[in-house]
Amino acid sequence: MEIVATAFVGRVALKLFAFLDGNYKLRRNLEHDIQRIRMELDMIDAAIHDHDGRRSSSQVQTAWIQLARELGHSIDDCIDRFSHRLAKDAAASPLRKTVSRLKTAPIRTEFAAEIRKIRKISEEVSKLRECYGGGESSTSEASAPGALSEEAHALAADLVGMDAPRDELLDLIRDTDGHPKQLKVISIVGFGGSGKTLLAREVYESDTVVCQYKARAWVRAADKGAVDVLKEILEELGMQVTGDARKLSTHLRKCLGSKRFFIVIDDMRTELWNTMKNSFPAVMGVSSRVVVTTPIQYIANACSSAHGHVYAMRTLSEDLSRQLFLKEASLEDSSPSNELGSEALKKCDGLPLALVTTAQFLQSRGDPTWAEWARLCNNLGEHLETEDTLARMKSVVRHSYASLPDHFIKTFLLYLGIFPRDRPVRRERLIRRWLAEGLFGGDAELATCYFKKLVDHSIIRPIDVSNNTKVKTCQTHGMMLEFILHKSRCENFVTLSHDQARPPGKTRWLSLHHESAGRARMSREDLPFVRSLTIFGKAHKSVLDFSKYELLRVLDLEECQDELSDKHLKEICNLLLLRYLGLGGPIAVLPKEIAKLKLLETLDITRTKIEILPVEVIELPCLIHLFGKFKLEDVSQRVSKLQRFLSEKSNLQTLSGFVADKGIAQLMDHMNNLTRVKIWCESTTEASSITHLSKSIKGFIQRGSHASDHRSLSLNFNECSEDLLSFTLEKSCHLSKLKLQGNIFSLPPFVTALAGLTELCLSSLGKFTGDVLASLSMVHSLQYLKLIATHMEKFVIRKGQLNILLRMCIVVQSMEGLEIEEEALPCFESLQLLCKGVNGFGGIRMELLGRLKEVALDDGLSDKAKQEWKEAAKMHPRRPKVLFIKTNNCQPHTFSWPVRHDGIFPCTTPPS
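How each quantity is defined
Residues numbered from 1 in each chain as written. Predicted model: local features only at pLDDT ≥ 70, side-chain atom pairs only at ≥ 80, totals over all residues. Heavy atoms only, no water. Helix = DSSP H or I, 4+ residues; strand = E, 2+ residues; numbered from the N terminus. Contact = heavy atoms within 4.5 Å. Salt bridge = Lys/Arg side-chain N within 4 Å of Asp/Glu carboxyl O. Buried < 20%, exposed > 50% of the residue type's maximum accessible area, 1.4 Å probe, protein only. Axes fitted to C-alpha atoms, helices over the stretch in contact; angles between N-to-C directions. Parallel < 35°, antiparallel > 145°, perpendicular 65-115°, else oblique. Left-handed = near helix turned anticlockwise from the far one by under 90°. Polar contact = N/O pair within 3.5 Å; in protein donor to acceptor, adjacent residues only side chain to side chain. Pairing = 2+ DSSP bridges. Phe/Tyr/Trp six-rings, centres within 6.5 Å; stacked < 30°, edge-to-face > 60°. Lys NZ or Arg CZ within 6 Å of the ring centre and 35° of its normal.

Structural notes on the side chain of serine 187
With respect to the secondary-structure elements, serine 187 resides in strand β1 (residues 184–189). What serine 187 contacts, discounting residues up to four positions off in sequence, is Val292, Ala300, Cys303, Ser304, His309, Val310 and Tyr311.

This is the structure we're talking about:
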């Protein structure tokens with residue numbers, strides 16, 4: 001409970017003082033009360049931090065933290081209730097400011113009374129801690145069972161599905177013919193319980209390793225520093241040495257000398273490698289190996305950056321998962337309980353440890369009925385905390401959670417409990433919601449950094465990535481999600497539904513996505529305190545009574561299956577604190593009352609049927625992100641006024657996107673803060689609108705004057721003349737990302753003049769000619785290239801062209817060849833060549849691409865062609881992965897790149 005409370009109390013204190021800084025008279029009148037609250041909040045925050053990191057809390061401490069969190073919420077509620085009522089107009093005349101002060105005098109008096117009441121509560125909270133004590137516990141999280149190595153979980157049964165990974169790892173360990181023998185570091189990375197330690201142990205004890213390596217050592221690094229790890233390696237090698245890291249490193253180098261050694265460092269969770277790497281002598285001609293297991297991606301990358309490999313653990317296939325689960329649960333494949341076990345299988349997500357422990361837990365319950373089995377599966381998170389048979393899985397998820405470096409990151413992880421298990425979550429949707437919640441001051445870069453850390457720690461797993469390798473959609477591992485949901489319920493952080501017992505405290509983050517949620521009635525007493533409402537499926541009519549919500553900041557109805565009436569929409573327009581609004585379903589019209597949402601930052605109408613956008617949306621002063629596919633209503637009578645507003649007051653950064661017409665084309669040129677634009681151009685677009693649009697697109701590109709400007713343009717001109725993009729640029733301009741879809745007969749002239757264009761996606765309805773492909777060589781800054789067409793003529797990449805290209809994806813039905821000349825593409829890492837007609841290598845010589853990490857090919861290739869690619873990868877010093885993707889149901893123009901580790905990838909389903 002202290003995790004959420006710590007993050008929340010600290011943020012609320014800053015919010016209160018920031019609000020009062022903008023209201024001098026209030027601050028002056030409440031100076032003593034504010035100072036007292038400041039001191040109380042500082043002490044509360046320090047007390048919670050003091051207790052944080054301990055494995056268990058006394059009931060007194062738990063109750064006190066609950067009071068502290070409610071105090072923080074009370075302050076937050078107070079600020080939000082009064083801030084918009086006391087908002088000032090900086091441009092108002094002195095007379096209007098005076099009138100406003102007189103009108104708001106009663107509101108300020110009311111606010112002062114609330115602050116004094118809060119001060120009294122804060123003093124009482126502190127006195128309660130003094131009276132009853134904190135119930136301190138001496139057991140820290142570091143010594144919790146969660147710190148146990150996966151080696152302790154090794155059972156013979158756990159080895160199901162280990163043969164293929166073992167052979168793959170042994171293949172990475174072997175020397176490559178024709179290349180020098182040298183030290184290699186192989187990192188095995190994956191979520192806890194995925195079998196990293198078991199795999200490393202299988203290889204360490206294999207005949208291949210035992211026979212070929214004279215010096216072997218196995219040490220565990222979790223919760224240890226470099227000195228302890230080095231000392232243990234020396235002890236494993238028969239030496240007793242003490243000293244600092246430098247001394248131990250020197251002794252280890254001497255001990256190993258020119259021997260061929262094999263050392264496993266298991267469960268490395270902190271960056272020890274830079275301190276330890278010089279301890280392992282890299283003698284040319286001696287092929288020694290160091291194997292590191294870790295759940296953290298950046299540690300794996302650091303260890304294997306030179307002459308090494310990163311091996312990503314993959315979950316078990318559906319068949320192997322079922323085999324392991326049935327074996328451990330002592331069930332027959334034809335047993336009626338087998339069908340009941342399917343739900344448990346889904347929650348295990350192919351994670352070996354989860355499958356073993358869950359199966360053993362269910363087996364320990366004898367022969368449960370259907371209802372009992374369903375209840376057990378629905379409450380796995382709760383059973384994780386109490387059942388001995390699940391203790392090993394509990395230790396993994398708790399330690400994964402405790403190892404996160406920041407309270408805010410832990411809070412954001414709990415926030416993922418809002419989303420259903422079976423839907424990938426869009427990264428950008430998640431981050432925009434975090435920002436709208438105000439959880440950390442609206443810093444988008446910080447939010448992105450926190451998201452990346454969750455991915456790095458293998459807690460969030462990528463499902464799809466974009467062309468530039470950034471995560472597009474993600475999911476949480478099944479058992480981690482069970483842990484998150486249980487912890488959220490215990491801390492009253494996320495409420496999933498009210499069909500069970502009413503949660504303690506007030507409901508503030510409400511998410512409905514169970515089948516029973518449509519029957520779950522919401523108490524009128526709770527509605528005024530809800531800050532975030534997300535609905536997947538149907539909801540009870542009491543939940544949809546938007547007139548009762550007072551503090552709602554995030555309203556996400558993108559996947560709500562209830563048909564919202566005009567009454568609902570007008571009630572939504574009275575939610576004056578709303579920052580994020582996502583709508584879906586058959587909604588076709590937005591009311592003009594949306595102008596009331598002055599604080600709205602994100603509006604997503606992509607999943608609606610809205611085709612005409614009221615101009616009031618464009619005039620929202622705080623709007624940053626606007627998503628959909630719409631035309632703007634007629635603005636011919638208001639163009640000048642709108643242009644002035646957009647130039648001076650608009651914060652709009654994302655416009656993704658609009659259907660081209662004269663009105664919005666005239667306005668786009670005045671949206672000075674735009675960084676991301678998506679446009680559809682239709683056959684009905686008038687010639688004058690095309691002219692305006694061409695001018696606006698050119699203006700948008702030319703406003704990118706700095707390399708640090710991360711600007712993107714996506715244009716679908718399937719039904720428009722290619723003349724739309726026939727303009728040239730008079731100066732060097734920066735555009736980082738460009739997507740063009742239409743009849744591309746030649747590369748638009750402005751493309752080759754762009755500075756800093758790192759990502760280019762061209763999608764043609766016809767074919768790519770040799771002229772288009774040759775023009776690509778003139779885009780010198782390209783790092784990511786994606787080409788989609790029905791047919792592609794021969795593409796030749798010569799030495800000196802596309803020198804910094806990292807990834808290339810080609811999706812075509814047929815092609816005449818791809819030739820990469822010797823010494824071309826020196827930085828190239830990933831080739832995705834999805835064409836069923838590619839049999840053989842054509843002009844691709846894999847051994848010439850020295851930095852190649854992966855090759856993805858169409859699963860429709862012949863078996864002979866597949867084997868040839870695999871053999872070529874084995875001869876490559878970096879042993880690139882060769883993946884085969886099933887694209888039988890995918891249309892070339894809708895293909896997205898999934899990140900799975902199954903070897904064969906399916907087409908992806910639409911994410912949440």
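After presenting the structure, the write-up continues.
Some details on the pattern of salt bridges
Per the counting criterion, the structure on display carries 49 salt bridges. Residue arginine 260 pairs with aspartate 175 through a salt bridge whose shortest N-O separation is 3.9 Å. Within this pair, whereas arginine 260 is found in the loop between α11 (245–256) and β3 (261–266), its partner aspartate 175 is found in the loop between α7 (163–173) and β1, the two being separated by 85 residues in sequence. By relative accessible area, aspartate 175 is classed as partly exposed at 27%. The partner of lysine 853 in a salt bridge is glutamate 829, with the nearest N and O atoms 3.9 Å apart. Of this pair, lysine 853 sits in the loop between β28 (830–834) and β29 (854–858) while glutamate 829 is found in the loop between β27 (818–820) and β28, placing the two residues 24 residues apart along the sequence. A network of salt bridges, in which partner residues are shared, links Arg423, Arg426, Arg429, Arg433, Asp556, Glu558, Glu559, Asp604 and Arg607.

Details of the packing of helix α16 (residues 352–363) against helix α19 (residues 391–402)
Here α16 crosses α19 at 140°, and the two axes come no closer than 8 Å. Compared by their axis directions, α16 and α19 come out oblique. Judged by residue contacts, Leu353, Ala354, Val356, Thr357 and Gln360 of α16 engage Arg392, Met393 and Val396 from α19.

Notes on the packing of helix α14 (residues 318–329) against α16
Running from N to C, α14 and α16 point in directions that differ by 35°, and their axes come no closer than 8 Å. Of the two possible hands of crossing, α14 and α16 adopt the one that is right-handed. For the pair formed by α14 and α16, the contact residues are Ser321, Leu324, Phe325, Glu328 and Ala329 on the first element and Pro352, Leu355, Val356, Thr358, Ala359, Gln360, Leu362 and Gln363 on the second.

Looking at the side chain of histidine 457
Mapping histidine 457 onto the fold places it in the loop between α22 (444–456) and β7 (460–465). Here histidine 457 falls in the buried class, since its relative accessible area comes to 9%. Separated by 2.9 Å, the side chain of histidine 457 and the backbone oxygen of lysine 453 make a polar contact. Excluding residues that lie within four positions of it along the chain, histidine 457 makes contacts with Pro295, Ile296, Ser403, Leu404 and Pro405.

Notes on the pairing of strand β13 (residues 602–607)
Direction of pairing for strand β12 (residues 580–584) relative to β13: parallel, over a ladder of four bridges. Considered in β13, the bridge of glycine 584 is made with arginine 607. Note that β13 and strand β15 (residues 625–632) share three bridges and pair parallel. Each residue of the ladder has a partner; that of aspartate 604, found in β15, is phenylalanine 627.

Looking at the packing of aromatic side chains
This structure, assessed with the given rule, holds 12 aromatic pairs. Taken together, a centroid distance of 5.4 Å and an interplanar angle of 65° make the contact between tyrosine 401 and phenylalanine 483 edge-to-face. Within this pair, whereas tyrosine 401 is found in helix α19, its partner phenylalanine 483 is found in helix α23 (residues 478–490), the two being separated by 82 residues in sequence. Both residues of the pair, tyrosine 401 and phenylalanine 483, count as buried. Judged by centre distance (4.4 Å) and plane angle (20°), the ring pair of phenylalanine 412 and tryptophan 434 falls under stacked. Here phenylalanine 412 is found in helix α20 (residues 407–415), whereas its partner tryptophan 434 is found in helix α21 (residues 427–437), with 22 residues between them in sequence. Look at tryptophan 434 and you get buried, because its relative accessible area is 0%. Arginine 711 extends its terminal NZ or CZ atom over the ring of phenylalanine 700, reaching a point 4.4 Å from the ring centre. Lysine 866 extends its terminal NZ or CZ atom over the ring of phenylalanine 884, reaching a point 5.2 Å from the ring centre.

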